Amino acid sequence: MQNSFPLLPEAVNEPVKGYTPDSPEKKEVLDTYRKLYNQTIHVPLYIGDEKIETTATGEMRPPHDHQHLLGTYSMADQTHVEKAIASALAAREQWGKLSFEERATIFLRAAELIAGPYRAKINAATMLAQSKNIHQAEIDAACEFIDFLRFNVQFAEEIYGEQPQSGDGVWNRLSYRPLEGFVYAVSPFNFTAIAGNLGAAPALMGNTVVWKPSDHQVFSAQVIMEIFEEAGLPKGVINMVMGDPEMITDTVLASPDFAGIHFTGSTFVFKEIWKKIGENIHRYKTYPRIVGETGGKDFIIAHPSATSNEVATGILRGAFEFQGQKCSAASRVYLPASKAEEILDQVVAGIKSMKMGSPENFENFITSVIHQGAFDRLKSAIEQVKKDPDTTILCGGNYDETKGYFVEPTVVITKNPHSDTMVRELFGPLVTVYVYQDNAFAETLKLVDQTSDYALTGAVFAKDRYVVNQALIALENSAGNFYINDKPTGAVVGQQPFGGARASGTNDKAGSKLNLLRWVSARLIKEPLVTPTDYRYPFLGE
Ligand code: NAD
């Protein structure tokens, strides 16, 4: 019986390991990578206490080595999805009543399992499934995931501690109930940490979940389930189903017990899901919570007072790490004419020094893009750029899908600030640069604000503080995460809560208290300590 207020371990960010040439962590992760590469696995559906293998299956292949089969995964039909919903609802009975300390222990345990015994496995699986180099895998699958789990426990405690005042002779309490029903988590391919957190955050707050991972992340998703299981997460709290995304989503949204969606992915898909929720609204027992973090067309604007090599580094890291497949990746850049050549020379020199290939070779900064669809999208954008009289390719522009989906880091220069690659989210290693006249900084800020539907991340580089302030004001609504003299990527849980507005999402800031608040429904409990026994108020006595 819980009859104390225990102090939680303080949340600290997981230190990023270096994976230097002779380090033990490098050897361990490469050994694990090769072991996973050389075996063929099957990933079942995780529904309640069952691991279901279906006859319909999908294949898992490394994007940088698409001829190689890593294994297969089961694909759900409608009855499996209905079973997953029933299992989530059944598990909620006990899970929703479990004390916070018990729930927290499970997720804190999961964090320590990732930090220790599972670190190499979850990193190696992410290198294979999503083609991340070791640094990108480490900051995502290990560190960010651990941080989500540790900090969310701390944020949950803060939420539970927020209580109303009590007047004379009255005690007021707020209880933060889990939502009535189940939560649907839909995750993207690009972050193992996000995939884990989309289910874990609502579950920590007492909800149960049906989770649909991306088809292109199942290989590392399965490691997440393994870790949750070992951490002691009761069966049915998070149910993982793969398969046709529309069928799964339609089945979930048809349930009267659907209580919320925790989505990360592209804008179009999220808007379609929102529309379907609207169409089904009369079915639901409660108003569903709709939380979605979506696309971006993230900018860097440099002022003439900026330092050139800082801007160049911001572009190189911001646009090309993980092949530009971060929602926060810089993909449109505005440079002042007086500095453009100097900055771009350094960008080109940087790109020429980048090696591209398999993540198994630690010299490779650039690996492949995620799948054929992404490769084709980038290839056609590059071909269109080659034909457009307003645009030229400064460097890159080649691609090769023979072994893996490789696209060179590409810099496009445009004379038209509204050209296709300045506006459309391409989600790949392609950045477009528009050079403005130094005396047109204010107009260029307007361009930055009005060019795209998105408002996820953005950066201003300037040494002049009046200019920084001018940009902060002019771009107030252009980015949910705004960076000064830094690349627009790499948000750290507990330090830079992440999310954007406009077409970039509901801005519920993953990795913060704001997000967790969406997964609870507060109940106020008022109790007079001595209950009145006479209806008459004093004013009635003449
Ligand atoms: P995606 O939209 O293709 O897929 C996301 C999820 O939605 C996957 O699980 C997918 O299977 C599912 N899905 C696809 N079509 C669906 C449909 N018709 N109905 C229901 N579900 C469907 O995105 P992706 O390629 O996996 O990820 C890249 C996108 O995610 C980019 O747009 C990126 O900006 C965005 N993203 C945003 C953030 C953020 O925090 N804002 C973080 C990561 C990724």
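Scroll up to find the structure this text is about.
Residues numbered from 1 in each chain as written. Predicted model: local features only at pLDDT ≥ 70, side-chain atom pairs only at ≥ 80, totals over all residues. Heavy atoms only, no water.

Draft legend 1. Structural context of the environment of Arg92. Relative to the helices and strands, Arg92 is located in helix α2 (residues 78-95). Spatially, the C-alpha atom of Arg92 lies 34 Å from that of Leu36, the residues being 56 residues apart in sequence. Contacts of Arg92, omitting those with residues within four sequence positions, involve Lys97, Pro178, Leu179, Glu180, Gly181, Gly206 and Thr208. (Helix = DSSP H or I, 4+ residues; strand = E, 2+ residues; numbered from the N terminus. Contact = heavy atoms within 4.5 Å.)

Draft legend 2. Structural context of the packing of aromatic side chains. Throughout the structure, instances matching the rule amount to 19 aromatic pairs. Aromatic side chains Trp95 and Phe107 sit 6.4 Å apart centroid to centroid with 80 degrees between the ring planes, which places their arrangement in the edge-to-face category. Linking Trp95 in helix α2 with Phe107 in helix α3 (residues 100-115), this pair joins segments that are twelve residues apart in sequence. Each member of the pair, Trp95 together with Phe107, is buried. Clustering of aromatic rings is evident, with ring pairs tying together Trp95, Phe107, Phe145 and Phe228. Its guanidinium or amino end placed over the ring of Phe191, Lys132 lies 3.9 Å from that ring's centre, counting from NZ or CZ. The lysine or arginine in question, Lys132, covers the ring of Phe322, its NZ or CZ lying 4.3 Å from the ring centre. (Phe/Tyr/Trp six-rings, centres within 6.5 Å; stacked < 30°, edge-to-face > 60°. Buried < 20%, exposed > 50% of the residue type's maximum accessible area, 1.4 Å probe, protein only. Lys NZ or Arg CZ within 6 Å of the ring centre and 35° of its normal.)

Draft legend 3. Local environment of the nonpolar core. Grouped together as the largest cluster of nonpolar side chains are 106 residues, with contacts concentrated most on Trp211, Phe228 and Val252. Broken down by element, the residue count for this core peaks at 15 residues, all from helix α5 (residues 134-161). For Trp211, the residues in contact, after removing those within four places along its chain, are Ala185, Ser187, Ala195, Gln217, Ala221, Ile224, Met225, Ile238, Asn239, Met240 and Val241. Residues Val333, Ala340, Met354 and Val433 belong to the second largest nonpolar core, which totals 32 residues. (Core = buried A, V, L, I, M, F, W, Y, C linked by side-chain atoms within 4.5 Å.)

Draft legend 4. Structural view of the pairing of strand β22 (residues 457-461). When you tally the buried positions in β22, you get five out of five residues, the bulk of the element. Neither face of β22 is open: one carries Thr457, Ala459 and Phe461, the other Gly458 and Val460, and all of them are buried. In the sheet, strand β12 (residues 298-302) pairs with β22 via four bridges, with the strands oriented parallel. Looking at β22, one finds that Ala302 is bridged to Phe461. Bridge count for β22 against strand β23 (residues 481-484) is four bridges, and the pairing is parallel. Within β23, the position partnered with Gly458 by the bridge is Phe482. (Pairing = 2+ DSSP bridges.)

Draft legend 5. Main features of the pattern of salt bridges. For the structure shown, the criterion picks out 28 salt bridges. With a shortest N-O distance of 3.2 Å, Lys403 and Asp65 are connected by a salt bridge. With Lys403 in the loop between β17 (399-400) and β18 (406-407) and Asp65 in the loop between β4 (57-60) and β5 (71-74), this residue pair connects regions lying 338 residues apart in the sequence. A relative accessible area of 51% places Lys403 in the exposed class. Since its relative accessible area comes to 8%, Asp65 is described here as buried. Connected through shared salt-bridge partners, Glu14, Glu112, Arg119, Glu138 and Arg150 make up one network. (Salt bridge = Lys/Arg side-chain N within 4 Å of Asp/Glu carboxyl O.)

Draft legend 6. Focus on unusual backbone geometry. The phi angle at Phe427 is positive, at roughly 55 degrees, despite the residue not being glycine. Residue Phe427 is classed as buried on the basis of its relative accessible area, which comes to 17%. Positive phi is not limited to glycine here, since Arg502 has a value of about 45 degrees. Locating Arg502 in the fold gives a position in strand β24 (residues 501-502). Using a relative accessible area of 38% as the deciding quantity, one classes Arg502 as partly exposed.

Draft legend 7. Summary view of helix α1 (residues 24-37). Relative to the 20 Å expected for 14 residues at 1.5 Å per residue, α1 spans 20 Å between its end C-alpha atoms, a close match to the ideal helical length. Among the residues of α1, Glu25, Lys26, Val29, Leu30, Thr32, Tyr33 and Leu36 are the ones counted as buried. Buried residues along α1 cover an arc of 160 degrees about the axis, so they all sit on one side. Facing away from the buried side of α1, by more than 90 degrees, are the exposed residues Pro24, Lys27 and Lys35. Where α1 is buried, its residues contact α4 (119-130), α5 and α7 (218-231). (Expected span 1.5 Å × (residues − 1). Arc of directions from axis to C-beta.)

Draft legend 8. Representation of the packing of α1 against α4 in the model. Contact geometry of α1 with α4 gives a least axis separation of 8 Å together with a crossing angle of 55 degrees. As summarised for this structure, α1 and α4 are arranged oblique, according to the angle between their axes. The interaxial crossing formed by α1 with α4 has right-handed handedness. Contact residues: Glu28, Val29, Thr32, Tyr33, Leu36 and Tyr37 in α1; Ala120, Lys121, Asn123, Ala124, Ala125, Met127 and Leu128 in α4. Grouping the constituent residues of the contact of α1 with α4 by class yields nine nonpolar, two polar and two charged. (Axes fitted to C-alpha atoms, helices over the stretch in contact; angles between N-to-C directions. Parallel < 35°, antiparallel > 145°, perpendicular 65-115°, else oblique. Left-handed = near helix turned anticlockwise from the far one by under 90°. Nonpolar A, V, L, I, M, F, W, Y, C, P; charged D, E, K, R; others polar.)

Draft legend 9. Quick look at a nonpolar patch on the surface. Together, Tyr535, Tyr537, Phe539 and Leu540 make up an exposed nonpolar region whose accessible area comes to about 560 Å². Structurally, Tyr535 can be placed in the segment after β25 (520-528). (Patch = residues over 30% accessible without salt bridge, like charges linked within 9 Å, V, L, I, M, F, W, Y side chains within 5 Å. Areas by Shrake-Rupley, 256 points an atom, 1.4 Å probe, with all protein chains shown as cover.)

Draft legend 10. Inspection of the sheet that holds β4 at higher detail. Read across the sheet, three strands follow the order β1-β5-β4 without closing on themselves; strand pairing throughout is mixed. Strand pairing shows two members of the sheet lacking a second neighbour, β1 (41-43) and β4, which therefore form its edges. The sheet shows a mean angle of 25 degrees between the axes of neighbouring strands, taken without regard to direction. Bridge analysis of β4 against β5 gives four bridges, and the strand direction is antiparallel. The residue of β5 that forms the bridge with Gly58 is Tyr73.

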